[in-house]
There are 2 protein chains.
Amino acid sequence: MKKNAETANVHSFSEGEYTTAVLKAIENSVAKSRASLARHLGLSRTTTSTIVSGLINLNLLEEKSLLREGRGRPGILLDLDSSIWRAVGAEYHSGSWAFVETDLRGSILRTGSLKVAGRGPDAFLDCLAQGLAEFRRNVSGELLPAFGIGVPGLVDCDRGLIIRADDLGWRNVLVSEYVEKKLKSKALVINRNRGAGLAEARFGGGRGTHQIVYIGIGTGISAAFIVDGELIHGSSFSAGEIGHITMDKAGPLCACGKRGCLHVYSSGTAMARMAAALLSEGKESGLKNKKNQREPIDGEDVCLAARAGDRLALECLGEAARQLGLAIANIITIYNPDKVIIGGPIGSIDSPLIGYVRKEAERWAMPHAFDAVKIERAALGESVGALGGACLVLDRKLSLASVVRSK
Amino acid sequence: MKKNAETANVHSFSEGEYTTAVLKAIENSVAKSRASLARHLGLSRTTTSTIVSGLINLNLLEEKSLLREGRGRPGILLDLDSSIWRAVGAEYHSGSWAFVETDLRGSILRTGSLKVAGRGPDAFLDCLAQGLAEFRRNVSGELLPAFGIGVPGLVDCDRGLIIRADDLGWRNVLVSEYVEKKLKSKALVINRNRGAGLAEARFGGGRGTHQIVYIGIGTGISAAFIVDGELIHGSSFSAGEIGHITMDKAGPLCACGKRGCLHVYSSGTAMARMAAALLSEGKESGLKNKKNQREPIDGEDVCLAARAGDRLALECLGEAARQLGLAIANIITIYNPDKVIIGGPIGSIDSPLIGYVRKEAERWAMPHAFDAVKIERAALGESVGALGGACLVLDRKLSLASVVRSK
DNA sequence: GATATTTGTAAAGAAACTTGACAAAATGCA
DNA sequence: TGCATTTTGTCAAGTTTCTTTACAAATATC
């Protein structure tokens, strides 16, 4: 497809509609060879061949084995070329920056981290730029010239800034601007939880599904809604903020000033508070030891104890699941997703939580919608937030790779 | 754009990507003249001119006045041509079929209705086919060869059937198949409430917004989620069924078998039940007269009485709004829409309901999301459901018109 | 009234896609 | 085994779509 000179990118290789479609079809495994691509996209085999050649030249695709299926000459299996291009993503989490380097298929090749020295957005940004500069030095291939960055708080993805992060007390942190100035490379910013959801949708359990809901549980709770691989941002970038839906108008006071938010029942913070309260009532639990060590109990401790069978911890999880299950039930009824993925530092733990949630959701969701949904634990590991950042870069691999090669 | 012969539509006129884009740009008023279209779509003025000529030839666009803005030669204002093509939509509602004829801009030119004689899906379908056959005879222009049909219940839009309509006790009603056989014309089927939401999004208060939520309140409650003009169907076509989200696990029993559904608090049925209960307690109200007439009070009666200032009716509305407002607050927090449109037979009445809901929603929604949303009453009138059907036809005006003209 | 600016169209050329043909590589059947 | 059948991938030639360049028409500004 040709473009007007006023807005055109002048490259040796076309970035047309069909080129994107070919890449997507291969990514989603809906087509495997040139001929099946042609059938799937309604293009001639010839054109498909030309497009594929271009993508192979750009090292975005590679030919693999032969496809022996049915009779006739076997096709050549095509897949993303994982040998050349690299994406770098970052995520800020509990005082540190985590970095990942991935190939085009989203496989993590290398990780890194850097603890932020100091407080406030300046130290936060400074450490990010330093960490990225260091991390990109050791990239094992050709770097796609952009960084994807997962950060806490409400993010304006268009302008690349944190509108506000209430936990940290920050407002209007210009992340993209800072990184782009320091590193002379494009920076794409996303809420870290939404990024994790995107990563799960693309590379985790969400592969091949149309509508997924990712629910990230850590100290807080938030969600990501993904329709056909695209994140729903909302009109002011707050779609998915389920932590502050009201479960009970007369419930306990939440930090946000309202009462009975999901946050006060089912977040890691809530689990920890509940456990501490029960312990101070004198109930028996393996968590006592931890308490004696003067380090406060957190949500992860509770989940791990529950996994080990601790009765007090199980009680806390059950209580959290009662409200979380109801919230998920209502989301399933409202939104009718294919899949609900439970992740985040707490949600990823192989604890009884997901079983409780599933049972509760089944009880309250509309049966038709519940029958269509699978509720699963997140498939990806710890670096999923930074991987979410890398997703943003990988989404643009075609244009990024073209820019590099046209130089 | 050329298509492979295997899947191609052989027409005199191209239905390419850009042609669709030109139509959409004009519909959404993002561009007005050939030159502004060219800039907006990144095309040359020449190509844009060619595409526009084709659309004018097909009577989809027309030239209107000159655009005198700034200096230079004035452009020619383009708009949808409302003089030739007609779309027909239908909706089933309380025992009758309603029909509308619209022009390309969604203006209603003519309405009609037909009462269904008999019960059950056979009479329902028979009457639909009869009514459409009669209604299309008097179309005032050229008919786009498809019918858009809004029906109650859970609808499989791909296959054009009612999966189930619990209120009526029906299952697997093959609407498209029947209509297409009887009328030799394509039939597009949608849930009537979702259709109404689509109509409001396209032609009502939702014009120009990105994410809208339409909430239809009649005897039941359901919603439609529309992102960038496209309806979210969900994985099994039940996205938007908010009538059966659980507001209170210990609430009153709902017809669906669960407790405390939104339906039992805020539907028209619920309002009527509440009013009847208060009356039987001996409370004073203008609704008494109605009751004496041995015709049961319904939700509309309550809303109309409330509008007139009746205290008992106002109490019922306030009670309904308390739960509805909370539900909407949570939807706003979760989904962060630009606009929430309250419609349906009950929601469309200019009663105090919307004021109550707004107040309640403000109280419980996350402030950031609430600040970004407008809560409004539906702008379109009674025939909105059938207009929703017509929307489905108008969405395909390009290909439908091409098919007709290529004959 | 002259100049600058913008619009819409025409003719020629470039780019993208298709058609038809053919060699290559497999299967299926005699 | 051999031969017909099927399917893939590519080449050359042709068609369609879009762009570039050029120009007349219609307005605002000075």
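Treat the numbers as computed from the prediction; the structure is a model and nothing was measured. (Residues numbered from 1 in each chain as written. Chains lettered and ligands numbered in written order. Predicted model: local features only at pLDDT ≥ 70, side-chain atom pairs only at ≥ 80, totals over all residues. Heavy atoms only, no water.)

Caption draft 1: Representation of the packing of aromatic side chains in the model. Residues and elements named next belong to chain A. Applying the stated criterion across every chain, the model contains 14 aromatic pairs over all chains. Relative to Tyr335, the ring of Phe225 has its centre 4.8 Å away and its plane inclined at 75°; by these criteria the two rings are edge-to-face. Of this pair, Phe225 sits in strand E12 (residues 221–227) while Tyr335 sits in helix H11 (residues 311–335), placing them 110 residues apart in sequence. Considered together, Phe225 and Tyr335 belong to a single accessibility category, that of buried residues. (Phe/Tyr/Trp six-rings, centres within 6.5 Å; stacked < 30°, edge-to-face > 60°. Helix = DSSP H or I, 4+ residues; strand = E, 2+ residues; numbered from the N terminus. Buried < 20%, exposed > 50% of the residue type's maximum accessible area, 1.4 Å probe, protein only.)

Caption draft 2: Layout of the interface of chain B and chain A. Taken together, the contacts link 52 residues of chain B with 52 residues of chain A. Three residues stand out in chain B for area buried against chain A, namely Lys249, Ile334 and Trp364 of chain B, and they jointly supply 17% of the buried area on that side. On the surface where chain B and chain A come into contact, there are 2 salt bridges. The partner of Lys249 of chain A in a salt bridge is Glu360 of chain B, with the nearest N and O atoms 3.3 Å apart. Inspection of the region where chain B meets chain A yields 22 residue pairs in polar contact (both at pLDDT 80 or more). Among the secondary structure elements, those contributing two or more residues to the side of chain B that touches chain A are helix H1 (17–27), helix H2 (34–41), strand E12 (221–227), helix H11 (311–335), helix H13 (353–364) and helix H14 (367–371) of chain B. Across the side of chain B that touches chain A, the residue classes tally to 22 nonpolar, 17 polar and 13 charged. (Contact = heavy atoms within 4.5 Å. Buried area = accessible area lost by both parts, 1.4 Å probe. Salt bridge = Lys/Arg side-chain N within 4 Å of Asp/Glu carboxyl O. Polar contact = N/O pair within 3.5 Å; in protein donor to acceptor, adjacent residues only side chain to side chain. Nonpolar A, V, L, I, M, F, W, Y, C, P; charged D, E, K, R; others polar.)

Caption draft 3: Molecular detail of the relation of the copies chain B and chain A. Mapping chain B onto chain A calls for a screw motion: a turn of 180° about the axis and a shift of 0.0 Å along it, with 0.1 Å RMSD after fitting. Classification of the inter-copy transformation places it as that of a two-fold axis. Counting the interface residues of chain B, we find that 98% of their copies in chain A are interface residues as well, pointing to one common contact surface. (Least-squares fit on C-alpha atoms with pLDDT ≥ 70 in both.)

Caption draft 4: Molecular detail of the packing of helix H8 (residues 268–280) of chain B against helix H10 (residues 299–307) of chain B. Residue and element names in this part refer to chain B. Interaxial distance between H8 and H10 falls to 7 Å at its minimum, and their mutual angle equals 70°. For the element pair H8 / H10, the angle class is roughly perpendicular. Across the interface between the two elements, Gly268, Met271, Ala272 and Ala275 from H8 touch Gly299, Val302 and Cys303 from H10. Each residue belonging to the contact of H8 with H10 can be placed in one class, and the counts come to 5 nonpolar, 2 polar and no charged. (Axes fitted to C-alpha atoms, helices over the stretch in contact; angles between N-to-C directions. Parallel < 35°, antiparallel > 145°, perpendicular 65-115°, else oblique.)

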